Amino acid sequence: MLFFRSEEDVRAWCAALGSPPGPLVRMDQLWGLATTWYATRLQADARRPTPAEIPGIFAGLGLTGEFWDPRAPRAG
Amino acid sequence: MDDATRVKLAVYWHFAETGRGPAPEEVAGRVGLAPGDVLDAYRALAAQRLLVLGADGASIRMAPPFAGVPTRHVVEAGVNRYFANCAWDALGVPAALGRPGTIRSRCAHSGEPLRLAVGEDGPEPSAWLFHSLVPAARWWDDIVFT
């Protein structure tokens, strides 16, 4: 899970690895992920989202598809 | 509050207050448990994916979003400097602390440095991107790689 300055850098980096590029996430979307997972982490009643909740959280941020589903069939 | 929750809070607050992970003895002193009981709690928290332990079972590799070892993702907030486990966790540090910070990292391909200011409402406008090679269903197969 890395930062890239541009889509071209993502594509070149993935090509060098021989891997297809995954979805691109904007910084405002990443902030949504960060706050959902961590905003209550220092509190006693904090909890991680469940696998059933996660696709809905991603979809709310515009991140849809099998890539974002922790219950998706596992290839390989 | 059960022992595992008390230990979790002690670990996370130690990271928040110092920028580094605690030794089991420091956690034991903070919560009034024997060090062996702290290690039992560590194992329970690791099973819940709230900690990732080092090979010795006593050092903390990750207390997400905080990293217990140096990484390429550094977050400056207040007087402290934190290491984050990944790009997601780099934004997670100011989110967890509830205060502004500055992320310093670099582009994984070009090496260009990133300096991203994060306020209480989120990051400054930026065209930089986040990318993961690993789909969500496999993130915890090897969370250090992910």
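Residues numbered from 1 in each chain as written. Chains lettered and ligands numbered in written order. Predicted model: local features only at pLDDT ≥ 70, side-chain atom pairs only at ≥ 80, totals over all residues.

1. So, the overall build of chain B
Note the following rule: Here a helix means four or more residues in a row that DSSP labels H or I, a strand means two or more in a row labelled E, and each is numbered from the N terminus. Using C-alpha atoms as the atom set, the radius of gyration is obtained and then compared with a globule rule of 2.2 Å times the number of residues to the power 0.38. For the exposure call, what matters is how many other C-beta atoms sit within 10 Å of a residue's own: 20 or more marks it buried, 12 or fewer exposed, and in between partly exposed, using C-beta atoms placed from the backbone. We call two residues in contact when the distance between their C-beta atoms, placed using the backbone, is within 7 Å.
Helix and strand content of chain B: four helices and nine strands. When the helices and strands of chain B are read in sequence order from the N terminus, they spell out α-α-α-β-β-β-β-β-α-β-β-β-β. Radius of gyration (C-alpha) of chain B: 16 Å, near the 15 Å computed for a compact globule of 146 residues. Every one of the 146 residues in chain B was classed for burial, and the buried ones make up 40%. Sequence separation of 24 or more characterises 33% of the internal contacts of chain B that already satisfy a separation of 6 or more.

2. A few points about unusual backbone geometry
All names here are of chain B. Along the chain, P64 connects to P65 via a cis peptide bond; the corresponding omega equals 15°. The topology assignment puts P65 in the loop between β2 (60-63) and β3 (66-67). Phi angles above zero are rare outside glycine, and R49 is one such case at about 65°.

3. Quick notes on the pairing of β2 of chain B
Residues and elements named next belong to chain B. Applied cut-off: Strands were regarded as paired on the criterion that DSSP finds at least two bridges between them.
The sheet contact formed by strand β1 (residues 52-53) and β2 spans two bridges and is antiparallel. Residue pairing for β2: V52 is matched across the bridge by M62. The antiparallel pairing of β1 with β2 creates a hairpin that spans six residues between the two strands, and G57 there sits at a positive phi of about 75°. Bridging between β2 and β3 involves two bridges; their strand directions are antiparallel.

4. Describing the interface of chain A and chain B
Interfaces are frequently sized by the accessible area removed from exposure as the parts join. Each side of the interface is counted separately: chain A has 37 residues, and chain B has 36 residues. Elements represented by at least two residues in the side of chain A that touches chain B include exactly β1 (2-4), α1 (7-17), β2 (24-26) and α2 (27-38) of chain A. Among the elements that line the side of chain A that touches chain B, the one with the most residues is α2 of chain A, at nine residues. Bridge count for β2 of chain A against strand β9 (residues 129-131) of chain B is three bridges, and the pairing is antiparallel.

5. What to know about the confidence of the model for chain A
Rules: Confidence scores here are pLDDT values: one per residue, from the predictor, ranging 0 to 100.
Per-residue pLDDT for chain A has a mean of 89; in total, 95% of the residues score no lower than 70. When the elements of chain A are averaged for pLDDT, helix α3 (residues 54-60) of chain A gives the smallest value, 90, and β1 of chain A the largest, 97.

6. Topic: the sheet that holds β9 of chain B
Selection rule: Orientation is described by lines fitted to C-alpha atoms, with helices fitted over the stretch in contact, and by angles between N-to-C directions that extend from 0 to 180 degrees.
Reading across the sheet, the three strands line up as β1(A)-β9(B)-β2(A) and stay open at both edges, with antiparallel pairing between neighbours. Both edges of this open sheet fall to β1 and β2 of chain A, since each of them pairs with a single strand only. Each strand of the sheet is rotated relative to its neighbour by a mean of 40°, with strand direction disregarded. Sheet topology places β1 of chain A next to β9 of chain B; three bridges connect them, and they run antiparallel. Note on β9 of chain B: the bridge partner recorded for F4 of chain A is L129 of chain B. Contacts between α2 of chain A and the sheet are confined to β2 of chain A together with β9 of chain B, with β2 of chain A contributing the most and set at about 85° to the helix.

7. So, helix α4 (residues 87-97) of chain B
Residues and elements named next belong to chain B. Extensive coverage of α4 is indicated by the burial of eleven of its eleven residues. Those residues of α4 that fall on the buried side of the exposure criterion are A87, W88, D89, A90, L91, G92, V93, P94, A95, A96 and L97. Just downstream of α4 lies G98, where phi reads positive at about 70°.

8. Re the packing of α2 of chain A against α4 of chain B
Selection rule: Under this scheme an angle from 65 to 115 degrees is roughly perpendicular, one under 35 degrees roughly parallel, and one over 145 degrees roughly antiparallel; angles in between are oblique. Less than a right angle of anticlockwise turn of the near helix away from the far helix marks a crossing as left-handed, whereas a clockwise turn marks it as right-handed. Think of it as three bins: nonpolar holds Ala, Val, Leu, Ile, Met, Phe, Trp, Tyr, Cys and Pro, charged holds Asp, Glu, Lys and Arg, and polar takes everything else, Gly as well.
Remark: α2 of chain A packs on α4 of chain B, axes separated minimally by 8 Å, with the N-to-C direction vectors making an angle of 55°. Compared by their axis directions, α2 of chain A and α4 of chain B come out oblique. You can see that α2 of chain A and α4 of chain B cross each other, and the crossing is right-handed. Between α2 of chain A and α4 of chain B, the contacting residues are L30, W31, L33, A34, T35, W37 and Y38 of chain A on the first element and W88, L91, G92, A95 and A96 of chain B on the second. Of the residues assigned to the contact of α2 of chain A with α4 of chain B, the class counts are ten nonpolar, two polar and no charged.

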